[in-house]
Amino acid sequence: MFLQQLVNGLTVGSTYSLIAIGYTLIFGVLGIINMAHGQVFIFGSFVGLILVTNFDMPIAVAFLASIVVSGILGLILEFTAMRPLRKKNVPHLASLISTIGFATLLEEGMHKLFGADSRAVPDTFGSQAFQLGSVQIRAVDLIILGIAVVLMVVLHFWINKTKVGKAIRATAENTETASVLGINTNMVIVTTVVLASSLGGIAGMLIGMTYSALIPSMGMTLGFKGLAVLILGGVGSIPGAMICGLILGVIEVFTVAYGASSYRDAVAFGLIILILLIRPQGLFGRKA
Amino acid sequence: MLSIRDLSTSYGQIKAIRNLSLDVEEGKIVALIGANGAGKTTTMKTIAGLLTPDQGSITFLGQRVEGWKPHKLVSAGLSLVPEGRAILGQMTVLENLEMGAFQRNDQAGIKEDMEKMMNWFPILRERLTQLGGTMSGGQQQMLAIARALMSRPKLLLLDEPSMGLAPIVVSDIFRVIKQINQEGTTVLIVEQNVKQALKIADYGYVLEAGQIVYQGTGESLLTDEKVKEAYLGGRKHE
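Residues numbered from 1 in each chain as written. Chains lettered and ligands numbered in written order. Predicted model: local features only at pLDDT ≥ 70, side-chain atom pairs only at ≥ 80, totals over all residues. Heavy atoms only, no water.

Undergrad: Quick question: what am I supposed to make of the overall build of chain A here?
TA: For chain A, the helix and strand inventory stands at 11 helices and 4 strands. Here the C-alpha radius of gyration of chain A, 19 Å, is about what a compact globule of 288 residues would show, namely 19 Å. Once the C-alpha set of chain A is aligned to its principal axes, its extents read approximately 55 × 45 × 35 Å. The 288 residues of chain A split such that 50% are buried. The long-range share in chain A, meaning contacts at least 24 apart out of those at least 6 apart in sequence, stands at 76%. For chain A, the accessible area works out to roughly 12,600 Å², and carbon and sulfur atoms hold 70% of it. Separation between the mean location of the 16 positive side-chain charges and that of the 11 negative ones in chain A comes to 12 Å. (Helix = DSSP H or I, 4+ residues; strand = E, 2+ residues; numbered from the N terminus. Rg over C-alpha atoms; globule rule 2.2 N^0.38 Å. Buried < 20%, exposed > 50% of the residue type's maximum accessible area, 1.4 Å probe, protein only. Contact = heavy atoms within 4.5 Å. Areas by Shrake-Rupley, 256 points an atom, 1.4 Å probe, with all protein chains shown as cover. Lys, Arg positive; Asp, Glu negative; His and termini not counted. Charge placed at Lys NZ, Arg CZ, Asp CG, Glu CD.)

Undergrad: It is not clear to me how the UniProt feature "transmembrane region" (unreviewed entry) in chain A should be interpreted in this structure. Could you clarify?
TA: Residues and elements named next belong to chain A. According to UniProt, the feature "transmembrane region" (unreviewed entry) maps to residues 12-33, 61-81, 139-159, 187-215, 227-251 and 257-278 in the numbering used here. As a span, residues 12-33 carries 86% helix and 0% strand, and end to end its C-alpha atoms are 23 Å apart. Taken end to end, residues 257-278 is 73% helix and 0% strand, and its first and last C-alpha atoms sit 27 Å apart. (UniProt positions renumbered as here; feature names shortened; annotations may be inferred.)

Undergrad: Even after reading the chapter, I still don't get the sheet that holds strand S6 (residues 78-81) of chain B, so can you show me in this structure?
TA: Each strand in a sheet pairs with its neighbour through backbone hydrogen bonds, running either in the same direction (parallel) or in the opposite one (antiparallel). Residues and elements named next belong to chain B. Across the sheet, 6 strands lie side by side as S6-S7-S8-S3-S9-S10; this open sheet has mixed pairing. Looking along the sheet, the strands with just one partner apiece sit at the ends: S6 and strand S10 (211-217). The average angle at which neighbouring strand axes cross in this sheet is 15°, direction not considered. In this structure, strand S3 (residues 29-34) lies alongside strand S8 (residues 186-191), joined through 5 bridges in parallel fashion. Paired with Leu 32 across the two strands is Val 190, which belongs to S8. Contacting S3, S6, strand S7 (155-159), S8 and strand S9 (203-208), helix H1 (residues 40-47) runs over the sheet at an angle of about 145° to S8. Across the sheet, helix H7 (residues 167-182) touches S3, S7 and S8, and the angle it forms with S8 is around 155°. (Pairing = 2+ DSSP bridges. Axes fitted to C-alpha atoms, helices over the stretch in contact; angles between N-to-C directions.)

Undergrad: Help me understand a nonpolar patch on the surface in this model?
TA: Residue and element names in this part refer to chain A. Residues Tyr 263, Val 267, Leu 271, Ile 273, Leu 274, Leu 277 and Ile 278 make up a contiguous nonpolar surface patch of roughly 730 Å² in combined accessible area. Along the chain, Ile 273 turns up in helix H11 (residues 264-278). The class for Ile 273 is exposed, based on a relative accessible area of 53%. (Patch = residues over 30% accessible without salt bridge, like charges linked within 9 Å, V, L, I, M, F, W, Y side chains within 5 Å. Salt bridge = Lys/Arg side-chain N within 4 Å of Asp/Glu carboxyl O.)

Undergrad: I keep staring at the sheet that holds strand S1 (residues 2-11) of chain B and nothing clicks. Help me out?
TA: Residues and elements named next belong to chain B. What the 4 strands build is an open sheet, ordered S2-S1-S4-S5; its pairing is antiparallel. Each end of this open sheet is capped by a strand with a single partner; those strands are strand S2 (14-24) and strand S5 (63-64). Examined bridge by bridge, S1 and strand S4 (residues 55-60) share 5 bridges and lie antiparallel to one another. Within S4, the position partnered with Ser 3 by the bridge is Thr 59. H1 rests against S1, S2 and S4 of the sheet, and its axis sits at about 115° to S1.

Undergrad: Please explain the packing of aromatic side chains as it appears in this structure.
TA: For any pair of aromatic rings, the description rests on two quantities: the centre-to-centre distance and the angle between the ring planes. If you walk through the whole model with that rule in mind, you get 6 aromatic pairs over all chains. Relative to Phe 114 of chain A, the ring of Phe 43 of chain A has its centre 5.4 Å away and its plane inclined at 70°; by these criteria the two rings are edge-to-face. With Phe 43 of chain A in helix H2 (residues 37-55) and Phe 114 of chain A in helix H4 (residues 92-114), this pair connects stretches of sequence that are 71 residues apart. Each member of the pair, Phe 43 of chain A as well as Phe 114 of chain A, carries the same accessibility label: buried. Judged by centre distance (6.4 Å) and plane angle (70°), the rings of Trp 120 of chain B and Phe 121 of chain B are edge-to-face. (Phe/Tyr/Trp six-rings, centres within 6.5 Å; stacked < 30°, edge-to-face > 60°.)

Undergrad: Please explain helix H4 (residues 107-120) of chain B as it appears in this structure.
TA: A turn of α-helix holds 3.6 residues, and therefore any two residues three or four places apart point the same way. Residues and elements named next belong to chain B. Taking 1.5 Å of rise per residue, 14 residues should cover 20 Å, and H4 covers 20 Å from first to last C-alpha, within 8% of that figure. Looking at H4, one finds that the buried residues are Gly 109, Ile 110, Asp 113, Met 114, Met 117 and Met 118. Looking at the buried positions of H4, the neighbouring elements they touch are helix H3 (93-100), helix H5 (122-126) and helix H6 (137-149). (Expected span 1.5 Å × (residues − 1).)

Undergrad: Please clarify how the nonpolar core should be interpreted in this entry.
TA: Generally speaking, nonpolar side chains in soluble globular proteins are found buried as a group. Of all hydrophobic cores here, the largest spans 78 residues; its most connected members are Ile 21, Leu 30, Ile 42, Ile 183, Leu 206 and Leu 222 of chain A together with Met 99 of chain B. Setting aside anything within four residues of it in sequence, one finds Met 99 of chain B in contact with Lys 163, Lys 166, Ala 167, Ala 170, Leu 181 and Ile 183 of chain A together with Leu 88 and Met 91 of chain B. Counting residues in hydrophobic clusters, the runner-up holds 47 residues, among them Ile 123, Leu 149, Val 176 and Ala 201 of chain B. (Core = buried A, V, L, I, M, F, W, Y, C linked by side-chain atoms within 4.5 Å.)

Undergrad: For this particular structure, what's the right way to read the environment of Phe 174 of chain B?
TA: Residues and elements named next belong to chain B. Here Phe 174 is to be found in helix H7. In sequence terms Phe 174 and Gln 196 are 22 residues apart; their C-alpha atoms lie 7.4 Å from each other. Not counting chain neighbours up to four residues away, the residues in contact with Phe 174 comprise Ser 162, Ile 189, Glu 191, Asn 193, Gln 196, Ala 197 and Ile 200.

Undergrad: Looking at this structure, I do not really get the interface of chain A and chain B. What am I missing?
TA: Reports of interface size often rely on the accessible area that becomes lost once the parts have come together. Across the contact, 17 residues belong to chain A and 24 residues belong to chain B. Here chain A and chain B share an interface that buries about 1,900 Å² over both sides, 60% of which is from carbon and sulfur atoms. Between chain A and chain B we count 3 salt bridges in total. Note that Lys 166 of chain A is salt-bridged to Glu 98 of chain B, the shortest N-O span being 2.5 Å. Those elements that provide at least two residues to the side of chain A that touches chain B are helix H6 (163-173) and helix H7 (175-180) of chain A. With 6 residues, the top contributor of residues to the side of chain A that touches chain B is H6 of chain A. Its residues assigned to classes, the side of chain A that touches chain B comprises 5 nonpolar, 6 polar and 6 charged. (Buried area = accessible area lost by both parts, 1.4 Å probe. Nonpolar A, V, L, I, M, F, W, Y, C, P; charged D, E, K, R; others polar.)

Undergrad: Sorry, what's going on with the pairing of S1 of chain B here?
TA: All names here are of chain B. Relative to S2, S1 runs antiparallel, the two being bridged by 7 bridges. Of the residues in S2, the one forming a bridge with Leu 7 is Leu 20. The turn joining S1 and S2, which pair antiparallel and follow one another in sequence, is formed by 2 residues; a positive phi near 60° is taken by Gly 12.

Put into structure tokens, the structure is as follows:
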């Protein structure tokens, strides 16, 4: 029972990690919280889902579409709601509002285009399950966990070892310094926003598979979970986002498993508040 | 190599430099000296593309470059060591050096230059895998200079390299700057440490309240009565 729930928690949590990585990447290079992140990737995921349900496309195409559409929305977000404010050198609160505006537009757009109701994600991988000792894992969960973990490992390597990854880290640490070293920081920012949004696009599809459904309003609820993970992990910390996403997932699943299903979010967020009381900078954050 | 005419830059409403003109000839060390708040850093930031001037021209290697983005200026051959060194503290010494060579793709050449820098500054070799932020001020300044040289600049801009360093380290840094210049890099240096800067400079400009008030060869400024009185602690020390 314990191991079983742990695996379930890790599966859900790995998708939260992917969402939180998106927030933390953008916060890293821009110093702002992108309030439209959730809506961006749910929009992308809906486009992917519709390709499957209405046009009988394979699930792989849906993933690809979700990645591309989320990435493009991220690009539009950068050029309409972020860059113009950056050029004017306004306080960071302004872009908080402009991204909320973008989020609202996307959410209303989704209602118009896809309707406000939940839409079922077809069960592509069947209900086949594997027995691993005392733990029973659904094929779909294995795929979700596998994709999320592989993505995080690749991202970790990419950020730490490649030239572009290092440019992102340099820009995150100090944009001005990065630019005098010859880094085109605007390009780095565009790359980061698109990368963060596309990662969200994958997370959105994986969440759809976990819950067998997607709802436009999930943009907001999942966005908040990602934000909670961001704060818990320490704003700007990629390992923090990865590990704390898993922690939130596990806490949630255990709360449900041990009988408090209607208190799921309350327990999860309550624990986060407790942790933050002890470590205000987040588990992996640096003291300001 | 670098020619500035009637340059003015403001921070918001405040004009930090006014109608500033100066020239840096190829192969020389030129010093821009002045007190705190005279506009030295503003001048450097404007040349490096971090600030956009209100008016005036900056000509670098025959091209008008005012208003260019910093990364474009780096590819044109200009490299700034910012005030306060600006080491990437969360990245290793090696990564800092790599970032200095960001625009280059000649792996063999980068490796060769990296080796050269580690011979010039042996401390960097010892600290290669250490985070930049864990080094002392003097070591960080050496890393900042080495990092700036990794782009193989034709003109090196140094913004107060002696700031906050112990006197013995300051002498080291100035010796290195002289050596860099002898190896063929033109240098424009901004300093509050007037004596040291003018000693190594071929030519100097004195900046007061955003304007150039004196100029001349390093030697002539060092012996100039007015400069001595204002920046070198008067006559009695001579």
